[in-house]
Amino acid sequence: MQTAALAVTTDEAHAFPIPANTYAERVVSVTHYTDSLFSFRITRPAAFRFRSGEFVMIGLPNAERPVFRAYSIASPAWDEEVEFYSIKVADGPLTQHLQKIQPGDTVLMKHKSTGTLVLDALTPARRLWMVATGTGFAPWASLLRDPETYEKFDEIVVTNTCRDVADLAYGDQLVASLENDPLIGELTAGRVRYVATTTRETSPQMGRITTLIENGDLFRIVGCAPFDRETDRVMICGSMAMLKDVKALVEAHGLEEGSNNKPADFVVERAFVG
């Protein structure tokens, strides 16, 4: 764990007015995994409602017109707190400050959440694939802890691809905790397959997720046939390049993109932080 420098104290938060349609919430905890990745939890407003997998705009009360960025909510819809998983960007308009928050500091959060990585955007099927790179794992952390996911799908395959082994820690810990979760532990037994891979540092399983899909290794690891719209639904979250490439691969297998208004076979998220 690393010790972060103070970012915006509660007293300092009152130096600037809170923008309209914005909550000002207290940081409950912060966990630093690497020099470039951390997660944090904030208090949840009583009136805040969201669907697991959605994102919301967050910022810091450190300017007259604070910078807001879209962040996927990593906690499930039933959680009493709101969790986020973030990268650290040295010169990022928001993350250069956000990475320094400590418990007790203030984080701004817009009232309305939205997003395409929700169960409502998919039609029923047997198997759900959650494909992620980097902090794109955040919405999976939400959906994997939501009972509705297990009501709608028999099997969940979640992938987590990062450069180095340490970068996998958040996803590793989240998946490992599922079976002991008091709410959904029994639901996950034997139903969640986790495929963690690295692209730079040597690890038990290496390779870009696009390569693993193209050469069939992903399906051999899981022990199933390639994507089939009769049995599979896919959610994709990560870098823009990865989204484009995996989307093309999924479409090549005959799956059609869905939305909140027109549920179908796969969905893609395009919310980024910086």
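In this text, all values refer to a predicted model and were calculated from it rather than measured experimentally.

A look at helix 5 (residues 169-177)
Item 1. Residues of helix 5 that are buried: A169, Y170, G171, L174 and V175.
Item 2. The inward-facing, buried residues of helix 5 contact strand 2 (37-43), strand 5 (81-87), helix 3 (138-143), strand 8 (155-162) and strand 9 (192-198).

Here's the deal with the packing of aromatic side chains
Item 1. Under the definition given, this model contains 12 aromatic pairs.
Item 2. Measuring from ring centre to ring centre gives 6.2 Å for Y33 and Y85, while their planes differ by 90°; the resulting arrangement is edge-to-face. One end of the pair, Y33, is in the loop between strand 1 (22-32) and strand 2; the other, Y85, is in strand 5, and 52 residues separate them in sequence.
Item 3. Y33 sits in the partly exposed class, given a relative accessible area of 21%.
Item 4. For Y85, a relative accessible area of 4% corresponds to the buried category.
Item 5. Each ring, one from Y85 and one from Y170, has its centre 4.0 Å from the other, and the planes form 15°; the classification is stacked. Of this pair, Y85 sits in strand 5 while Y170 sits in helix 5; the two residues are 85 residues apart in sequence, bridging distant segments of the chain. With respect to burial, Y85 and Y170 carry one shared label: buried.
Item 6. The structure contains a cluster of three or more aromatic residues connected by ring pairs, namely Y33, Y85, F137 and Y170.
Item 7. Lying over the aromatic face of F68, K110 brings its terminal NZ or CZ to 4.6 Å of the ring centre.

Topic: the environment of S203
Item 1. Positionally, S203 belongs in the loop between strand 9 and helix 7 (209-214).
Item 2. The exposure class of S203 is buried, given its relative accessible area of 15%.
Item 3. It is 24 Å that separates the C-alpha atoms of S203 and G190, two residues lying 13 residues apart in sequence.
Item 4. Residues contacting S203, with those up to four places away along its chain left out, are V165 and T198.
Item 5. In this structure the side chain of S203 is engaged in a polar contact, spanning 2.6 Å, whose partner is the side chain of T198.
Item 6. A polar contact is formed between the side chain of S203 and the backbone oxygen of Q205, at a distance of 2.9 Å.

Here's the deal with helix 9 (residues 240-252)
Item 1. Taking 1.5 Å of rise per residue, the 13 residues of helix 9 would be expected to cover 18 Å, and the 18 Å separating its terminal C-alpha atoms lies within 8% of that figure.
Item 2. Those residues of helix 9 not exposed but buried are M242, L243, V246, L249 and V250. End-on view of helix 9: buried residues confined to an arc of 135°, all on one side of the axis. The outward face of helix 9, more than 90 degrees from its buried face, is lined by the exposed residues K244 and A252.
Item 3. Check the buried side of helix 9 and you find it contacts strand 7 (127-133), helix 7, strand 10 (232-237) and strand 11 (266-268).
Item 4. At the C-terminal side of helix 9, G254 shows a positive phi close to 95°.

Regarding the state of the cysteines
Item 1. Enumeration according to the criterion identifies 0 disulfides in this entry.
Item 2. No disulfide involves C162; its nearest neighbouring cysteine sulfur is the one of C237, lying 12 Å away.
Item 3. The exposure class assigned to C162 is buried, which follows from its relative accessible area of 7%.
Item 4. The class of C237 is buried, set by a relative accessible area of 5%.

Focus on the nonpolar core
Item 1. Ranked by internal contacts, the top residues of the largest apolar core, which has 31 residues, are F137, W140, L144 and M235.
Item 2. Per-element accounting of this core gives the leading share, 4 residues, to helix 3.
Item 3. Non-local contacts of W140, meaning those with residues more than four positions away in its chain, are made with L117, M130, V131, A132, V158, T159, M235, I236 and C237.
Item 4. One finds V157, I213, C224 and V250 within the second-largest nonpolar core, a separate group that totals 22 residues.

Each value, and the rule that gives it
Residues numbered from 1 in each chain as written. Predicted model: local features only at pLDDT ≥ 70, side-chain atom pairs only at ≥ 80, totals over all residues. Heavy atoms only, no water. Buried < 20%, exposed > 50% of the residue type's maximum accessible area, 1.4 Å probe, protein only. Helix = DSSP H or I, 4+ residues; strand = E, 2+ residues; numbered from the N terminus. Contact = heavy atoms within 4.5 Å. Phe/Tyr/Trp six-rings, centres within 6.5 Å; stacked < 30°, edge-to-face > 60°. Lys NZ or Arg CZ within 6 Å of the ring centre and 35° of its normal. Polar contact = N/O pair within 3.5 Å; in protein donor to acceptor, adjacent residues only side chain to side chain. Expected span 1.5 Å × (residues − 1). Arc of directions from axis to C-beta. Disulfide = S-S within 2.5 Å. Core = buried A, V, L, I, M, F, W, Y, C linked by side-chain atoms within 4.5 Å.

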